[in-house]
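# Notes for the structure review
Single-letter residue listing:
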Amino acid sequence: MPYAITMWDFSWLERRWPGAGFEDWDAALGELVERGYDTVRIDAYPHLVAAGPERTWQLLPQWDQQDWGAPALVEVQVLPALVEFIVAARAHGVSVALSTWFRQDRDDTRMRITSPQEHARVWSETLRHLRDADALDSVRFVDLCNEFPLPVWAPFLYGGTKGELLRRSGERVRAWTTTAIRELRSEWPDLDLTFSVTKQYEDVEGQDVSEFDLLEPHLWMASYTDFYQRIGYGFEPFDPIGYEHVVARALPTYRGDQERYDRELFEGIDRLADWSRATGKPLVTTECWSMVDYKDWPGLDWGWVKELNERALRRAASTGRWIGLATSNFCSPQFRGMWRDVDYHRRLTELIVSSPVDDDLAMLERTPS
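Cut-off values and rules
Residues numbered from 1 in each chain as written. Predicted model: local features only at pLDDT ≥ 70, side-chain atom pairs only at ≥ 80, totals over all residues. Heavy atoms only, no water. Helix = DSSP H or I, 4+ residues; strand = E, 2+ residues; numbered from the N terminus. Rg over C-alpha atoms; globule rule 2.2 N^0.38 Å. Buried < 20%, exposed > 50% of the residue type's maximum accessible area, 1.4 Å probe, protein only. Contact = heavy atoms within 4.5 Å. Areas by Shrake-Rupley, 256 points an atom, 1.4 Å probe, with all protein chains shown as cover. Lys, Arg positive; Asp, Glu negative; His and termini not counted. Charge placed at Lys NZ, Arg CZ, Asp CG, Glu CD. pLDDT = per-residue confidence, 0-100. Pairing = 2+ DSSP bridges. Core = buried A, V, L, I, M, F, W, Y, C linked by side-chain atoms within 4.5 Å. 1 Å grid on protein atoms, 1.4 Å probe; cavity = no way out; pocket = protein on both sides within 12 Å on 5 of 7 lines; lining within 4 Å. Points joined across faces, edges and corners; volume = space filled by probe spheres on them. Nonpolar A, V, L, I, M, F, W, Y, C, P; charged D, E, K, R; others polar. Patch = residues over 30% accessible without salt bridge, like charges linked within 9 Å, V, L, I, M, F, W, Y side chains within 5 Å. Salt bridge = Lys/Arg side-chain N within 4 Å of Asp/Glu carboxyl O. Axes fitted to C-alpha atoms, helices over the stretch in contact; angles between N-to-C directions. Parallel < 35°, antiparallel > 145°, perpendicular 65-115°, else oblique. Phe/Tyr/Trp six-rings, centres within 6.5 Å; stacked < 30°, edge-to-face > 60°. Arc of directions from axis to C-beta. Polar contact = N/O pair within 3.5 Å; in protein donor to acceptor, adjacent residues only side chain to side chain.

Another aspect to go through is the overall build of the protein chain. The number of helices and strands found in the protein chain is 14 helices and 12 strands. A compact globule built from 369 residues would reach a C-alpha radius of gyration of about 21 Å, and the protein chain, at 19 Å, matches this within 12%. Across its three principal directions, the C-alpha atoms of the protein chain cover 55 × 45 × 45 Å. Buried positions account for 60% of the 369 residues belonging to the protein chain. Sequence-distant contacts, at least 24 apart, represent 77% of the contacts inside the protein chain between residues at least 6 apart. Of the roughly 13,800 Å² of accessible surface on the protein chain, 48% is carried by carbon and sulfur atoms. Across the protein chain, 41 positive and 61 negative side-chain charges occur, with their mean positions spaced 2 Å apart.

Quick look at the structure:
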């Protein structure tokens, strides 16, 4: 039976001011369960844990146009918060998938990761803290880096957040992922390990995922097609012009060519299912389907986004290749327009948990004890 998962990224720790959505973890987790979800994927900040687990870190804003994380400088203390969150999740019957976006602190500690061995080491340090606190049994899988190797999330590969994107099929990335997973598995053989990915789906055959326990692809209509180019959206982190274009052009552009956009997205879903069949690896997707970026904003309507999410989810669930599925990457308390529709979430999570899983994957499903 597939699990219903959502992404709470670094918001779980950084959005704790009044009204930000995560000031009360028990309340947020209770609402999550009410909607039918049983797993959350969060940032474990392994580089900060390894450098100073109980230190107070000042994190720079990743953006002020998106509603993930804090839009301004924020102070966080990763431990004991990480343990406390996992324990709270366990009390609600919710498992946790650990990931990291390698958030930037004032000292840019993430740039100390100079090798795959060091990448594995910071994760091992983090996992030891969870083991010692009796919190490791709730961990469903570990994603060693979000959407690897995008420069924005893996700047240590590029010497900064800019640079020509390295290919997952290239020797440097293949060697990095293989070595890091092998190093980590040598100490943690019972954990499922992966590197999540977006883009680069045209050459999945050249990517070495032999060491991966699962594939964690992120797929959206908006980035898989020419949609963003047509509406003039460029992921502007600190400039409202991107959202001005979304407000003016997103809905009419989609409705004007809906059949094509849906068809191309479904082709992407089918390609991922074929990747799973070719490799024998199960799929888990925590970020997906319609727009990459969206929010509660004047002129923005959630209706078409929700409709497209549902159509895409039904396509993915029917393939039998996903053991974990999200409804979107907006299933968080801060996205009120999406979050408040409880019946919508219940309908989609029921679809997820009742969807088929191919026989070769059913035996691979592992539920945290």
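That covers the picture; the talk isn't over yet.
A few words on the confidence of the model for the protein chain. Averaged over every residue, the pLDDT of the protein chain is 97; residues scoring 70 or more account for 98%. Across the protein chain, the secondary-structure element scoring lowest on mean pLDDT is helix α14 (residues 359–362), at 90, and the one scoring highest is strand β2 (residues 39–43), at 99.

A few words on the sheet that holds strand β9 (residues 217–220). One open sheet accounts for three strands, arranged β8-β9-β11; its pairing is parallel. Of all strands in the sheet, those with a lone pairing partner are β8 (197–198) and β11 (288–289), marking the two edges. Alignment of β8 against β9, held across two bridges, turns out to be parallel. Along β9, the bridge assignment pairs T198 with H218.

Formed by 129 residues in total, the largest nonpolar core has its most connected members in W8, W12, L98, F227, W289 and W304. Here this core takes nine residues from helix α4 (residues 78–91), the largest share from any one element. With sequence-adjacent residues up to four places away left out, F227 is seen in contact with M221, A222, A250, T253, Y254, Y261, M291 and W304.

In this structure, the largest pocket spans a volume of roughly 960 Å³. If you go around the largest pocket, you meet 37 residues; those closest to its centre are Q62, W63, V152, W153 and F235. Looking at the lining of the largest pocket, the elements that each hand over two or more residues are β1 (3–9), α7 (221–224) and α8 (227–231). For the lining of the largest pocket, a count of residues per class yields 18 nonpolar, 10 polar and nine charged.

Among the surface-exposed residues, E23, D24, D26 and E31 lie close enough to one another that they form a single negatively charged patch. Examined against the element boundaries, D26 turns out to sit in helix α2 (residues 25–34). With a relative accessible area of 46%, D26 lands in the partly exposed category.

Next up on the list: the packing of helix α11 (residues 303–317) against helix α13 (residues 342–353). Following both chains from N to C, one finds α11 and α13 inclined at 10°, their axes separated by 10 Å at the closest point. Between α11 and α13, the interaxial angle falls into the category roughly parallel. Contact with α11, carried on its side by K306, N309, E310, L313 and R314, involves Y344, R347, L348, L351 and I352 of α13 and no other residues of that element. A per-class count over the contact of α11 with α13 returns five nonpolar, one polar and four charged.

Going through the model one piece at a time under the given rule, you end up with 33 aromatic pairs. Relative to F22, the ring of W8 has its centre 4.9 Å away and its plane inclined at 70°; by these criteria the two rings are edge-to-face. Pair noted here: W8 is in strand β1 and F22 is in the loop between α1 (11–14) and α2, with a separation of 14 residues, a long-range link. There is no split in this pair, since W8 and F22 are both buried.

Now for α2. Three or four residues apart is the spacing at which side chains of an α-helix point the same way, because the helix has 3.6 residues per turn. Taken together, the buried positions of α2 are occupied by W25, A28, L29 and L32. Axial view of α2: buried residues confined to an arc of 95°, hence all on one face. Buried residues along α2 sit in contact with β1, α1, β2, α4 and α12 (336–339). Two or three places before D26, at the start of α2, stands the capping residue D24, its side-chain oxygen 3.1 Å from that residue's backbone nitrogen. Just downstream of α2 lies G36, where phi reads positive at about 100°.

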